[in-house]
Amino acid sequence: MTVAALSTPKAAGGLAVIRVSGEDAIKITDSIFLSDLSEMEGYTCAYGRITDGEEIIDDVIVTVFRAPHSYTGEDVTEISCHGGIYVSERILSLLYSVGAVPAAPGEFTKRAFLNGKMDLTRAEAVMDVISAQGGAYLRKAENVREGHLYRKISSYRERLTKLLGSISAWIDYPDEDIPEVTDEAVIRELTLIRDGLIRIAAGYDNSRIIRNGVDTVIIGKPNVGKSTLMNALSGCDRSIVTSVPGTTRDIIEESVRVGDTVLRIADTAGIRDTSDIVESAGIERALARAENADLVIAVFDNSEAFTDDDRRICEVKANRKIACINKSDEESRFDVSLLSGFDSIVHISAKNGDIGDLSGILSDMFIETADEFLINERQKICLDTAADRIKEAIDSIGNITLDAVNIVLDEALYSLLELTGESVSETVVNEVFSRFCVGK
Ligand code: GDP
């Protein structure tokens, strides 16, 4: 089946690109195009006109890709036409009238996967590369698209296969000259593999943060400069500040980009409106939010002495905590050595737009530490399942036969093959690609 779809956004623009893929891609495109494409080699293009009977639709460039050297691994043409919505729709309906069918969401990438051009982790990363909003996200997603995760998983998969092989040989040919497989050696290797998989799975939390932004709560006494800091942060990149309408207040969350890190700052209206953040109702609310947040930024006033309220702020429990000593432009009365419980301390002057090295600190905290990047929960679940099965196998060695251990390890292996898509049900594949957009 030859499919066609618009691969650029459905909006007026300088150019639009229509992609056609499948056995008859070149023949179908040729039949609506006035120049001859049939003899063209892959990676070449032709200028010509698309007509509907007597009517001229557009002057276009057609690029030809021949199987298997194309994105999908099939014959592909890409028609670059003028970027009008009507023009691209006309060309598409012409293509449909001569034998192409509309491509489903993600169908080009799905075909690339099914034709062995990329494994499932790379295919899934394509969508993230497209939706990346910041440099860190793009870098990490590109890494996966380029095969980093696939190679890591493959190396663990190979080790597991090798172990399964030697266990089987040991069981099946006890009389032959097969190296002995001891319980200790099997447990040692399985533990190493499991630890490796757990390490990769642990990257999921940071991946989520890089993708969605750091869920952040700003706390501090009245007048220390919380709203001024908020304004200074927004000033870092106002273009991506988003406002989510709340029910009782006008803004409940804002996203700001600080260097490479996107912070989602909760309840900014609260920061702006209230000065009660250490008073009963305020502190209760802030505490509850802080505990579940990825990050708490506590603001202190450099021009005032450390107080009991500041101590209470030090005691707030949170996953990560940064202390911002604000008003560093003023004479210091604040004793920094009394602070405790913070991952980092930074001196700032929010009023002057000076946020010190906050951007470097955030990057070290949330981006550089994330050596593994997982694209989605599916990948995490496959890793968790494999690690659980291996644990089950380790725990049962000595209690059940090695044959039975092998069966459990087979399930672990299947999870890894499912992760890379080397052995995966059609339902999972369809589910993965249904989240893509049409034309990708
Ligand atoms: P909030 O109650 O914590 O939100 O504090 P605000 O942001 O409203 O600031 C309280 C006061 O501190 C205002 O008068 C600000 O202009 C002042 N302020 C904020 N940041 C700085 C700073 O970096 N240096 C100085 N000198 N004053 C600041």
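Use the structure listed above.
For clarity, every value in this text was computed on a predicted model and none was experimentally measured.

Cut-offs used in this document
- Residues numbered from 1 in each chain as written.
- Predicted model: local features only at pLDDT ≥ 70, side-chain atom pairs only at ≥ 80, totals over all residues.
- Heavy atoms only, no water.
- Helix = DSSP H or I, 4+ residues; strand = E, 2+ residues; numbered from the N terminus.
- Rg over C-alpha atoms; globule rule 2.2 N^0.38 Å.
- Buried < 20%, exposed > 50% of the residue type's maximum accessible area, 1.4 Å probe, protein only.
- Contact = heavy atoms within 4.5 Å.
- Areas by Shrake-Rupley, 256 points an atom, 1.4 Å probe, with all protein chains shown as cover.
- Lys, Arg positive; Asp, Glu negative; His and termini not counted.
- Charge placed at Lys NZ, Arg CZ, Asp CG, Glu CD.
- Axes fitted to C-alpha atoms, helices over the stretch in contact; angles between N-to-C directions.
- Parallel < 35°, antiparallel > 145°, perpendicular 65-115°, else oblique.
- Left-handed = near helix turned anticlockwise from the far one by under 90°.
- Near = heavy atom within 4 Å.
- Polar contact = N/O pair within 3.5 Å; in protein donor to acceptor, adjacent residues only side chain to side chain.
- Nonpolar A, V, L, I, M, F, W, Y, C, P; charged D, E, K, R; others polar.
- Pairing = 2+ DSSP bridges.
- Expected span 1.5 Å × (residues − 1).
- Salt bridge = Lys/Arg side-chain N within 4 Å of Asp/Glu carboxyl O.
- Phe/Tyr/Trp six-rings, centres within 6.5 Å; stacked < 30°, edge-to-face > 60°.
- Lys NZ or Arg CZ within 6 Å of the ring centre and 35° of its normal.

Enquirer: An account of the overall build of the chain is requested, with residue identities and associated values reported.
Expert: For the chain, the count of helices and strands is 15 helices and 12 strands. Taking 22 Å as the expected radius of gyration for a compact globule of 440 residues, we find that the chain reaches 29 Å, considerably beyond that expectation. If one aligns the C-alpha atoms of the chain with their principal axes, the spans along those axes are about 80 × 80 × 35 Å. Per-residue burial over the chain gives 50% buried out of 440 residues. The long-range fraction of contacts in the chain, counting pairs at least 24 apart against all pairs at least 6 apart in sequence, stands at 66%. Summed over all atoms, the accessible surface of the chain reaches about 20700 Å², with 49% contributed by carbon and sulfur. Between the mean site of the 46 positive side-chain charges and the mean site of the 74 negative ones, the chain shows a separation of 4 Å.

Enquirer: Can you break down the packing of helix α4 (residues 120–131) against helix α5 (residues 135–145) residue by residue, with the values?
Expert: Running from N to C, α4 and α5 cross one another at 155°; their axes reach a closest spacing of 8 Å. As far as their axial angle goes, α5 and α4 are roughly antiparallel. Two packed elements cross with a definite hand, and for α4 against α5 that hand is left-handed. Contact with α4, carried on its side by T121, R122, A125, V126, D128, V129 and S131, involves Y137, L138, A141, E142, V144 and R145 of α5 and no other residues of that element.

Enquirer: Kindly report on the site of the ligand, identifying the contributing residues and their values.
Expert: Taken together, 15 residues are adjacent to the ligand, and N223, K226, S227, T228 and D329 come closest. Residue V224 places a main-chain N or O atom 3.3 Å away from an oxygen atom belonging to the ligand. Within the side chain of T228, a nitrogen or oxygen atom sits 2.5 Å from an oxygen atom of the ligand. Residues that form the shell around the ligand fall into these classes: three nonpolar, six polar and six charged.

Enquirer: Help me get a handle on the sheet that holds strand β12 (residues 344–347), residues and values and all.
Expert: A sheet is described by the order of its strands in space; here six strands give the open sequence β8-β9-β7-β10-β11-β12, paired in mixed fashion. Bordering the open sheet on either side are β8 (253–258) and β12, each of which pairs with just one other strand. For this sheet the average axis-to-axis angle between neighbouring strands, irrespective of direction, equals 30°. Pairing of strand β7 (residues 214–220) with strand β9 (residues 261–266), which is carried by three bridges, proceeds in the parallel orientation.

Enquirer: Give a description of the packing of helix α6 (residues 148–172) against helix α7 (residues 183–212) that names residues and reports values.
Expert: Each packed pair of helices is defined by two parameters, the angle between the axes and the distance between the axes. Between α6 and α7, the least distance of the axes is 11 Å, while the angle of their chain directions is 160°. Considering the angle they form, α6 stands roughly antiparallel to α7. When the axes of α6 and α7 are compared, the crossing they make is left-handed. Contacts between α6 and α7 involve L149, K152, I153, Y156, R159, L160, L163 and I167 on the former and, on the latter, V186, E189, L190, L192, I193, G196, L197, R199 and I200. Here the contact of α6 with α7 is built from residues that sort into 12 nonpolar, one polar and four charged.

Enquirer: Explain α4 to me, using residue names and the numbers behind them.
Expert: Between its first and last C-alpha atoms α4 spans 18 Å; for 12 residues at 1.5 Å apiece the expected length is 16 Å, and the two agree. Of all 12 residues that make up α4, 10 are buried, and the element is covered over most of its length. Listed in full, the buried residues belonging to α4 are L120, T121, R122, A123, E124, A125, V126, M127, D128 and V129.

Enquirer: Any details on the sheet that holds strand β2 (residues 13–21)? Residues and values, ideally.
Expert: Strands belonging to one sheet form pairs held by backbone hydrogen bonds; the direction of such a pair is parallel or antiparallel. Here we have six strands laid out as an open sheet, ordered β3-β4-β5-β2-β1-β6, and mixed in their pairing. Among the strands making up the open sheet, the edge pair consists of β3 (44–52) and β6 (101–102). By the bridge criterion, nine bridges tie β3 to strand β4 (residues 55–65) in an arrangement that is antiparallel. Paired with A46 across the two strands is V62, which belongs to β4. Contacting β1 (3–6), β2, β3, β4, β5 (76–83) and β6, helix α2 (residues 85–97) crosses the sheet at an angle of about 70° to β4. With respect to the sheet, helix α3 (residues 107–114) is in contact with β1 and β2, its orientation differing from that of β1 by roughly 135°.

Enquirer: Just give me the short version of the pattern of salt bridges, but keep the residues and values in it.
Expert: Any two side chains of opposite charge can pair, given that their charged atoms come close. Tallied over the entire structure, the rule returns 26 salt bridges. We note a salt bridge from E146 to R151, for which the minimum N-O separation is 3.2 Å. According to the relative accessible area criterion, E146 is partly exposed, its value standing at 44%. Sharing partners across several salt bridges, the network here consists of D52, E55 and R90.

Enquirer: Tell me what's going on with the packing of aromatic side chains, and back it up with residues and numbers.
Expert: Throughout the structure, instances matching the rule amount to seven aromatic pairs. On the numbers, 6.2 Å between centres and 45° between planes, the contact of Y137 with F373 is tilted. One end of the pair, Y137, is in helix α5; the other, F373, is in the loop between α12 (358–368) and α13 (377–396), and 236 residues separate them in sequence. Residue Y137 is classed as buried on the basis of its relative accessible area, which comes to 7%. Relative to F334, the ring of F306 has its centre 5.6 Å away and its plane inclined at 50°; by these criteria the two rings are tilted. Here F306 is found in the loop between β10 (295–301) and α11 (308–314), whereas its partner F334 is found in the loop between β11 (321–326) and β12, with 28 residues between them in sequence. Pair check on accessibility: F306 and F334 agree, each one buried. Positioned above the aromatic ring of F108, the side-chain terminus of R19 is 4.8 Å from the ring centre. Just above the ring of Y71 sits the side chain of K440; from NZ or CZ to the centre is 4.9 Å.

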